[in-house]
Amino acid sequence: EAEGRPHRVFCASMADVFDEDAPADEQARLWPLIDATPWLHWQVLTKRPHRILDVVPDNWRRTPPANVWWGTSVESPQVLDRVRALVKVPAEIRFLSIEPLLERIPRLPLRGINWVIVGGESGPRARPMDPDWVRQLRDRCVSAGVPFFFKQWGGQFNKQNGRQLDGRVWNELPEPCIAR
């Protein structure tokens with residue numbers, strides 16, 4: 001708290017802390033909060049992984065806190081440069097949030113990736129997701145030994161079509177999460 005007011009941080013579940021318009025002073029408040037909460041897993045998801053090393057504290061560029069998981073959104077093959085940028089960031093866990101999966105991603109790079117989350121689009125104008133797109137990603141993860149988490153099929157309401165893929169719920173998590 002500062003002067004009796006709760007400490008507030010720009011980061012939220014629907015914000016991208018690496019957005020070019022994110023206030024630098026608000027970003028700077030996040031890093032000490034992460035350092036002060038080593039018991040929490042901070043899953044920091046961005047569409048701008050190329051900015052991570054420019055924004056985080058200097059010491060994080062070499063040795064990031066073990067409780068920070070860096071992730072990037074990948075919805076189509078057109079944004080695979082995000083994956084290449086993410087793997088350059090030192091991290092215990094790097095993850096891909098492939099949601100909404102909008103088209104087949106035939107050559108998803110998984111070297112240096114520790115977790116993949118896949119899901120369909122939800123909302124009133126949700127586009128359907130082809131089950132073969134999901135199977136192809138699942139099979140690629142299984143072959144590479146990367147934990148696979150299938151979040152949802154999507155639809156007008158986000159959970160309306162369930163989470164099963166080929167008769168199974170895929171809830172795989174990265175090693176540090178399982179160990180704890």
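Residues numbered from 1 in each chain as written. Predicted model: local features only at pLDDT ≥ 70, side-chain atom pairs only at ≥ 80, totals over all residues. Heavy atoms only, no water.

A. The nonpolar core, seen in detail. Ranked by internal contacts, the top residues of the largest apolar core, which has 39 residues, are Trp31, Trp70, Leu96, Ile98, Leu108, Val116 and Phe148. Per-element tally for this core: the top contributor is helix α5 (residues 131-144), with four residues. Dropping the residues within four chain positions of it, Leu108 is found in contact with Val74, Leu80, Val83, Leu96, Ile98, Leu137 and Arg140. (Core = buried A, V, L, I, M, F, W, Y, C linked by side-chain atoms within 4.5 Å. Buried < 20%, exposed > 50% of the residue type's maximum accessible area, 1.4 Å probe, protein only. Helix = DSSP H or I, 4+ residues; strand = E, 2+ residues; numbered from the N terminus. Contact = heavy atoms within 4.5 Å.)

B. Structural detail: the pairing of strand β2 (residues 68-73). Burial analysis of β2 places six of its six residues in the buried class, the great majority of the element. Side chains Val68, Trp70 and Thr72 of β2 all project onto a buried face; the interleaved residues Trp69, Gly71 and Ser73 project onto the opposite face, where all are buried too. Taken together, the five bridges between strand β1 (residues 42-46) and β2 define a ladder with parallel strand orientation. Paired with Gln43 across the two strands is Trp69, which belongs to β2. In the sheet, β2 pairs with strand β3 (residues 93-98) via five bridges, with the strands oriented parallel. From the neighbouring strand, Thr72 faces β3, where its bridge partner is Leu96. In the classification by handedness, the crossover that spans β2, the intervening helix α4 (residues 81-86) and the parallel β3 is right-handed. (Pairing = 2+ DSSP bridges. Right-handed = clockwise from strand over helix to strand, strands pointing away.)

C. Layout of the sheet that holds β2. A sheet is described by the order of its strands in space; here five strands give the open sequence β1-β2-β3-β4-β5, paired in parallel fashion. Each edge of the sheet is formed by a strand with only one pairing partner; in this case those strands are β1 and β5 (148-152). With strand direction ignored, the average angle separating the axes of adjacent strands in the sheet is 20°. α5 contacts β3, β4 (115-119) and β5 of the sheet and is inclined by roughly 155° relative to β5. (Axes fitted to C-alpha atoms, helices over the stretch in contact; angles between N-to-C directions.)

D. Region of interest: the environment of Leu30. In this fold, Leu30 is placed in helix α1 (residues 24-36). Along the backbone, Leu30 and Val56 are 26 residues apart, and their C-alpha atoms lie at a distance of 9.5 Å.

E. View of the environment of Lys47. With respect to the helices and strands, the residue Lys47 is situated in the loop between β1 and α2 (52-55). Between the C-alpha atoms of Lys47 and Gly71, which are 24 residues apart in sequence, the distance is 8.5 Å. Other than its neighbours up to four places away in sequence, Lys47 contacts Asp16, Thr72, Ser73 and Arg82.

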